[in-house]
Amino acid sequence: MSAPTAPGLFGALREQLTDAAAAFAGSPDALAGILAGIVDDVDRAIGERLEIFPVCHHSPASALAMVRRLRAKQPKVIYLELCEDLRPLLGELRNCRLPVAVQAFATELDGFPAEWSPLSVVAPITEASAEYQAIAYALETPGVELVLVDRSTDHVFQWSPRAAGEALQDGPAPDPEAGEEAALHGDAVGVEIGDLRPRFAELEAYLLHHGKVRHWSEWWDQYVERPLADADHDTYRQVMVLIGSLFRRLRPVDADRHDRDEDRERYMWTRIRQHLAASGADPADCLYVCGAFHAASHVEQFGLDSTAPDFAISPRTGTRWRYGLIPSSHSAIEAQFGLAPGAVSIAAASWTTAVSRSGLVPYRLDGQRGQKKTRRSRAAGTPAPAGPATDRLTGFLAAPPALDELAEAELRGWCVDIVRLARRNGYLASTADAIAVFETSILLANLRNRARPTPYDFADAAVTCIEKDVVPGRRDVRRLCEILLGGDRIGQVGYDSLPPLARDVLDRLRPLGLDLEKRTVQRALLDLRADRALASCSDLLWMLRHLLPPDAARPIMGERRLGHRSLQESWDLALGRNQRALIELGYEGVTVEQVLEQRLRRAVRGPDATAARALAAVEDAIRLLDSPRLVDELGARAVELLAAERTVDDAPDVLRRIRRLLAHHRTTAPALPAWCQAFVITGYAHYCTLLPTAFVDEGTGVRQVGAMLGFLFSMESLALSLGCDRAQLELAVAQSHPEAPAKVALLWAARHQLGLLPLADLRARCADLLANPLVVPAFPQYLSGFVHALEPVPALAPFVVETMSSAFARLPDPVLLPWLPTLITTLREQGPELVPLLVREAERTFPATLPALDAWTPPWAAPAPSAGPVSAAAAVPAIGGAVHALLVAHPRSVDAVAGLLGCDGPWRPAVGRPEPGDAAGALVAAHPATAVAVAGLLTTG
């Protein structure tokens with residue numbers, strides 16, 4: 001829409017700027033068009049029949065001007081730039097301590113990609129903001145209607161497409177390095193009123209450089225906030241529209257952002273027209289509160305006299321939105337909207353000072369928490385008649401900046417307090433530092449063309465004079481200045497404004513006797529034997545531990561695992577500090593149990609669900625909910641996921657969890673559940689099928705293959721009893737032909753477990769490897785495979801200790817020393833559960849004292865007895881006197897054994913004393929193989 005060309009109210013100013021542009025640029029060119037267009041935008045906004053009130057987000061000057069205008073005009077209808085579907089929440093602000101954020105939250109998406117979930121939109125509100133003053137006036141004044149006219153939260157995401165994995169942001173991107181309080185908004189999209197900041201980077205850099213400031217917030221405070229703090233209504237409106245028009249015209253070409261901004265303006269003017277037509281309100285009794293950027297709009301729907309058709313508003317998607325209030329903070333607002341650290345705290349301090357100095361009574365909601373009681377904020381009396389608009393802009397731009405007098409008392413108080421606060425935080429500050437901060441603040445203000453030091457000058461001076469180059473604690477001096485000037489005020493949502501789930505949590509935890517709405521960490525002691533009523537509190541705390549951030553409910557003593565519940569527990573609770581997470585939990589359901597059940601179902605039904613995650617969900621369902629129906633459902637899903645998997649990356653986790661679940665069910669139920677039996681059957685066939693491929697696949701690690709074999713061997717007896725065929729495993733091992741040394745060792749261990757490779761042959765193969773100089777450098781990899789083989793074949797622990805000892809004794813140092821760190825880190829990361837097996841076996845094998853080690857011979861190095869064939873005649877001399885003495889000493893045992901062997905009579909004399917020599921000879925002659933075996937046992941000790 002073209003700008004007006006008539007002289008209008010600002011004709012003289014327009015001509016003056018055009019002549020100046022021509023003289024400066026050499027011709028009335030683009031610069032003249034921009035300057036004249038800015039004046040036209042101001043003329044157009046001021047001349048609109050519906051009064052437009054331009055604001056800047058969290059600006060004390062805007063809030064002061066809003067209070068003055070509301071008391072003077074007393075409008076009957078206020079149109080506010082805020083998402084229209086947030087209107088029912090505004091009445092709940094009276095139950096909260098500001099700052100808080102109005103939030104819309106959605107997890108069940110319909111019409112948006114699933115990877116966007118969850119969707120969240122927040123609109124933070126502080127007392128030092130024009131929108132809060134308008135809301136408080138409208139809600140506390142009878143007969144006043146508040147209408148939100150901005151796009152709905154659903155349209156925020158409809159109009160802001162993003163690529164997969166890209167963060168959606170309607171304003172400046174949050175600071176990823178912000179602290180805990182700065183993360184109160186999470187990753188929500190911030191919607192603000194009056195986003196008034198240059199979108200042209202070069203322009204902002206130019207303003208900061210010539211303004212001798214570091215950040216945009218400081219420039220705005222010096223050149224806009226302070227000059228407009230005491231300005232009259234007409235001057236305020238004209239200057240704000242001028243700034244909005246300047247930033248609007250000097251912005252980079254961004255088609256998407258430009259179209260979105262103009263669609264928002266069309267949307268708002270369409271809603272305003274529709275409401276005026278439906279209500280019949282007089283535009284003279286209405287006030288339109290919007291950002292200064294939108295006050296200088298050029299869309300064809302601008303103004304009540306526009307003949308353009310209404311903007312076509314698309315329908316909302318089927319996404320189910322939930323609404324509520326979450327706590328906010330000054331640092332959260334600064335981080336989300338790209339403001340300087342401490343800017344909102346300084347704005348709040350400026351607001352308090354300005355209100356006290358001017359004597360204005362700001363509007364507050366009745367019952368507002370954290371506020372001093374004041375007289376009722378309802379306007380009374382007759383509205384002041386609106387006079388004709390006059391040109392205040394020319395005089396404001398031509399007048400020199402007002403020089404504020406130095407408030408020595410205020411600055412002196414700041415300097416004394418910051419030194420006291422610094423000493424309390426570990427700085428070696430003194431009175432000399434206070435004097436230095438005072439003088440440096442004045443010096444910096446003079447260098448920056450300021451007669452009165454601002455809080456930013458004071459903070460810079462304090463950092464220079466006190467902090468120097470040492471920070472003794474976690475708080476630096478700049479942070480201490482923010483605390484001194486108002487601090488990072490953190491809001492709180494009142495009990496009555498919490499969602500049902502959050503209120504239910506606080507009610508169920510009341511037996512603990514703690515005030516859980518406080519932001520401090522509180523210790524809860526639960527003696528479940530002395531007070532059985534605390535058992536329900538314990539159950540709830542473990543569920544909150546699973547659902548909320550780790551520091552919200554942290555167990556100090558006690559645990560909850562399968563089949564075990566502690567009798568005494570101790571918790572550190574910080575639910576007040578994590579109120580946002582608790583509130584967002586309430587958007588997902590009515591009770592904690594319902595939310596937990598929904599999340600467990602989503603975990604096993606999502607696109608990234610695996611069998612290991614499903615088994616973890618089964619464990620959580622047993623530990624936290626004790627719901628057999630849900631356990632069976634999740635277990636059946638685990639069977640489906642295992643059968644559908646084509647990789648074995650999660651095999652170690654699957655093995656560990658299914659062992660734990662089987663042990664639990666065997667001790668708590670008469671029979672295994674059907675899903676457990678199906679999981680074992682499916683897993684046996686699944687891993688047998690994938691075993692040959694996993695052995696040769698370079699992407700599959702040794703630990704994964706070891707876990708597969710561990711599943712097959714440890715579940716073999718159960719699988720065979722359920723109908724599986726052992727031939728599957730034998731064929732899978734026979735078809736495996738690995739090349740990697742570690743996997744070759746695993747295959748040898750598997751063949752040994754199946755009885756296809758005797759231990760003697762396995763020992764001979766390892767000896768051949770150590771004897772081959774070409775294979776010696778790779779032998780540590782074979783040894784790593786044997787260590788992982790303890791998972792499927794734990795009986796190999798003596799052999800592994802023997803092999804490691806032989807390797808350490810025979811491997812050369814250039815091979816052994818580089819490999820030792822790798823072995824240690826591998827065992828620590830991939831096989832920590834295998835180390836105790838090796839340690840226990842080594843403890844049984846090696847002597848316990850150092851002197852005994854010198855005379856110790858390893859069992860595997862001891863000479864083995866001869867095992868050749870022995871005749872009956874030669875057996876007796878070979879055995880010697882040991883067997884003869886044994887048989888003589890125990891005749892009854894000899895009789896019993898002879899009876900079992902069928903030699904009960906002929907070998908023993910019928911009359912007289914028995915002759916042991918003859919008896920032993922007869923027995924050995926009848927069973928020579930047994931005699932040889934006994935001789936071997938006696939020889940080896």
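Worth saying up front: this structure is predicted, and the values here are computed from it rather than measured.

**Points about the overall build of the protein**
Next up, step 1: When helices and strands are tallied, the protein shows 40 helices and 13 strands.
Next up, step 2: By residue count, 50% of the 941 residues in the protein fall in the buried class.
Next up, step 3: The contacts in the protein between residues at least 6 apart in sequence include a share of 76% that link residues at least 24 apart.

**Considering the pattern of salt bridges**
Next up, step 1: What the rule picks out here adds up to 42 salt bridges.
Next up, step 2: A salt bridge links D539 to R565, with the shortest nitrogen-to-oxygen separation between them at 3.5 Å. Taken together, the residues D539 in helix α19 (residues 534–547) and R565 in strand β12 (residues 564–565) connect sequence positions 26 residues apart.
Next up, step 3: Accessibility expressed as a relative area gives 23% for D539, which makes it partly exposed.
Next up, step 4: Of the charged contacts in the structure, one is a salt bridge between E588 and R602, with a shortest N-O distance of 3.1 Å. Remark: R602 occurs in helix α21 (residues 592–605) and E588 occurs in the loop between α20 (579–586) and α21; sequence separation between them is 14 residues.
Next up, step 5: Salt bridges sharing common partners tie together E619, D653, R656, R657 and R660.

**What to know about the sheet that holds strand β5 (residues 145–150)**
Next up, step 1: Spatially, β1-β7-β2-β5 is the arrangement adopted by the four strands of the open sheet, whose pairing is parallel. For this open sheet the edge positions go to β1 (51–55) and β5, each flanked by a neighbour on one side alone. Averaged over neighbouring strand pairs, the angle between their axes works out to 30° when direction is ignored.
Next up, step 2: The pairing of strand β2 (residues 77–83) with strand β7 (residues 286–291) spans four bridges and is parallel. Considered in β7, the bridge of Y79 is made with Y288.
Next up, step 3: Relative to the sheet, helix α4 (residues 130–140) contacts β1, β2 and β5, its axis offset from that of β2 by approximately 130°.

**Side note on a negative patch on the surface**
Next up, step 1: On the surface, D649, D697, E698 and E739 cluster together into a negatively charged patch.
Next up, step 2: Locating D649 in the fold gives a position in the loop between α23 (628–644) and α24 (651–668).

**Brief notes about the packing of helix α16 (residues 455–467) against helix α17 (residues 477–484)**
Next up, step 1: It is at 9 Å that the axes of α16 and α17 come closest, and there the two elements cross at 135°. Taken together, the axes of α16 and α17 lie oblique to each other. Crossing angle aside, the handedness with which α16 passes α17 is right-handed. Residues F458, A459, D460, A462, V463, I466 and E467 of α16 pack against V477, R478, C481 and L484 of α17.

**Here's the deal with the packing of helix α7 (residues 216–228) against α16**
Next up, step 1: For the pair α7 and α16, the least separation of the axes is 10 Å and the interaxial angle reads 145°. Contacts from S217, E218, D221 and R226 of α7 reach α16 at P455, Y456 and D457.
Next up, step 2: Residues belonging to the contact of α7 with α16 are distributed by class as follows: two nonpolar, one polar and four charged.

**Observations regarding unusual backbone geometry**
Peptide bonds are trans in most cases, and residues, glycine excluded, mostly fall at negative phi.
Next up, step 1: For the bond running from L98 to P99, omega is 5°, close enough to zero to count as cis.
Next up, step 2: Here P99 is to be found in the loop between β2 and β3 (100–106).
Next up, step 3: Even without glycine at this site, Q74 takes up a positive phi of about 50°.
Next up, step 4: Relative to the helices and strands, Q74 resides in the loop between α3 (60–73) and β2.
Next up, step 5: Its identity as a non-glycine residue notwithstanding, D626 has a phi of 55°, on the positive side.
Next up, step 6: Among the secondary structure elements, D626 is positioned in the loop between α22 (611–625) and α23.
Next up, step 7: Owing to a relative accessible area of 55%, D626 belongs among the exposed residues under this scheme.

**A short note on helix α25 (residues 674–696)**
Next up, step 1: Between its terminal C-alpha atoms α25 stretches 34 Å, which fits the 33 Å expected from 23 residues at 1.5 Å a residue.
Next up, step 2: Maximal helix bending in α25 amounts to about 40°, located at L690; proline P692 follows within four positions.

**Regarding the sheet that holds strand β13 (residues 568–573)**
Next up, step 1: Ordered by their spatial adjacency, three strands build an open sheet running β9-β13-β10, and the pairing between neighbours is antiparallel. For this open sheet the edge positions go to β9 (522–527) and β10 (553–557), each flanked by a neighbour on one side alone. In this sheet, neighbouring strand axes are inclined to one another by 25° on average, regardless of whether the strands run parallel or antiparallel.
Next up, step 2: In the sheet, β10 pairs with β13 via four bridges, with the strands oriented antiparallel. Among the inter-strand pairings, M557 is bridged to a residue of β13, identified as S570.
Next up, step 3: In the packing of α19 onto the sheet, contacts are made with β9, β10 and β13, and the angle to β13 comes to roughly 50°.

**With respect to the packing of aromatic side chains**
Next up, step 1: Tallying each qualifying case throughout the model produces 18 aromatic pairs.
Next up, step 2: Measuring from ring centre to ring centre gives 5.9 Å for F112 and W116, while their planes differ by 20°; the resulting arrangement is stacked.
Next up, step 3: Aromatic pair W269 and Y288: ring centres 5.2 Å apart, planes at 70°, arrangement edge-to-face. Here the residue W269 occupies a position in helix α9 (residues 255–279), and Y288 occupies one in strand β7, the gap between them amounting to 19 residues. Each member of the pair W269 and Y288 is classed as buried.
Next up, step 4: One aromatic cluster in this structure is built from W748, F779, Y782, F786 and F799.
Next up, step 5: The aromatic ring of Y363 is capped on one face by R71, whose charged end is 4.4 Å from the ring centroid.

**Here's the deal with the pairing of β9**
Next up, step 1: Where burial is concerned, the two faces of β9 differ: the one with Q522, A524 and L526 is buried and the one with R523, L525 and D527 is not.
Next up, step 2: Looking at chain direction, β9 and β13 are connected through six bridges and run antiparallel. The residue of β13 that forms the bridge with A524 is W571.

**With respect to the state of the cysteines**
Next up, step 1: Taken as a whole, this structure holds zero disulfides when the rule is applied.
Next up, step 2: For the unlinked cysteine C481, the closest cysteine sulfur is that of C415, found at 9.5 Å.
Next up, step 3: The class for C481 is buried, based on a relative accessible area of 1%.

**Side note on the nonpolar core**
Next up, step 1: L509 and F679 are the most contacted members of the largest nonpolar core, which totals 201 residues.
Next up, step 2: Considering every element that reaches this core, the biggest residue donor is α25, with eleven residues.
Next up, step 3: When residues no more than four places from it in sequence are discounted, the contact partners of L509 are L516, C537, L540, L541, L544 and L575.
Next up, step 4: Membership of the second largest hydrophobic core comes to 29 residues, among which are C415, V419, L444 and C481.

**What to know about the environment of R529**
Next up, step 1: Relative to the helices and strands, R529 is located in the loop between β9 and α19.
Next up, step 2: Owing to a relative accessible area of 53%, R529 belongs among the exposed residues under this scheme.
Next up, step 3: Considering only alpha carbons, one finds R529 and S566, 37 residues apart in sequence, at a separation of 9.7 Å.
Next up, step 4: Apart from the residues lying within four places of it in its own chain, the contact partners of R529 are L567 and Q568.

**Focus: a nonpolar patch on the surface**
Next up, step 1: Together, F846, L850 and L853 make up a nonpolar patch on the protein surface, roughly 270 Å² of accessible area in all.
Next up, step 2: Along the chain, the position of F846 falls in the loop between α34 (835–845) and α35 (850–854).

**What about helix α14 (residues 408–424)?**
Next up, step 1: Spanning 17 residues, α14 covers 24 Å between terminal C-alpha atoms, matching the ideal 24 Å at 1.5 Å per step.
Next up, step 2: Listed as buried for α14 are L411, W414, C415, I418, V419, L421 and A422. Here the buried residues of α14 occupy an arc of 165° about the axis, which is enough to place them on one side. In α14, the exposed positions angled more than 90 degrees off the buried face are occupied by A409, R423 and R424.
Next up, step 3: Among the structural elements, α15 (431–447), α16 and α17 are those in contact with the buried residues of α14.
Next up, step 4: Just downstream of α14, G426 is the residue with a positive phi angle, here 100°.

**Comments concerning the confidence of the model for the protein**
Next up, step 1: Mean pLDDT over the protein stands at 80; residues scoring 70 or higher make up 79%.
Next up, step 2: This model gives residues 163–169 a pLDDT under 50, and the stretch forms ten contacts once residues within four places in sequence are excluded.
Next up, step 3: Contacts from residues 867–880, a stretch scored under 50 in pLDDT, to residues over four places away or in other chains number twelve contacts.

Rules and cut-offs
Residues numbered from 1 in each chain as written. Predicted model: local features only at pLDDT ≥ 70, side-chain atom pairs only at ≥ 80, totals over all residues. Heavy atoms only, no water. Helix = DSSP H or I, 4+ residues; strand = E, 2+ residues; numbered from the N terminus. Buried < 20%, exposed > 50% of the residue type's maximum accessible area, 1.4 Å probe, protein only. Contact = heavy atoms within 4.5 Å. Salt bridge = Lys/Arg side-chain N within 4 Å of Asp/Glu carboxyl O. Pairing = 2+ DSSP bridges. Axes fitted to C-alpha atoms, helices over the stretch in contact; angles between N-to-C directions. Patch = residues over 30% accessible without salt bridge, like charges linked within 9 Å, V, L, I, M, F, W, Y side chains within 5 Å. Areas by Shrake-Rupley, 256 points an atom, 1.4 Å probe, with all protein chains shown as cover. Lys, Arg positive; Asp, Glu negative; His and termini not counted. Charge placed at Lys NZ, Arg CZ, Asp CG, Glu CD. Parallel < 35°, antiparallel > 145°, perpendicular 65-115°, else oblique. Left-handed = near helix turned anticlockwise from the far one by under 90°. Nonpolar A, V, L, I, M, F, W, Y, C, P; charged D, E, K, R; others polar. Expected span 1.5 Å × (residues − 1). Bend = angle between axes of the 7 residues up to and from the residue. Phe/Tyr/Trp six-rings, centres within 6.5 Å; stacked < 30°, edge-to-face > 60°. Lys NZ or Arg CZ within 6 Å of the ring centre and 35° of its normal. Disulfide = S-S within 2.5 Å. Core = buried A, V, L, I, M, F, W, Y, C linked by side-chain atoms within 4.5 Å. Arc of directions from axis to C-beta. pLDDT = per-residue confidence, 0-100.

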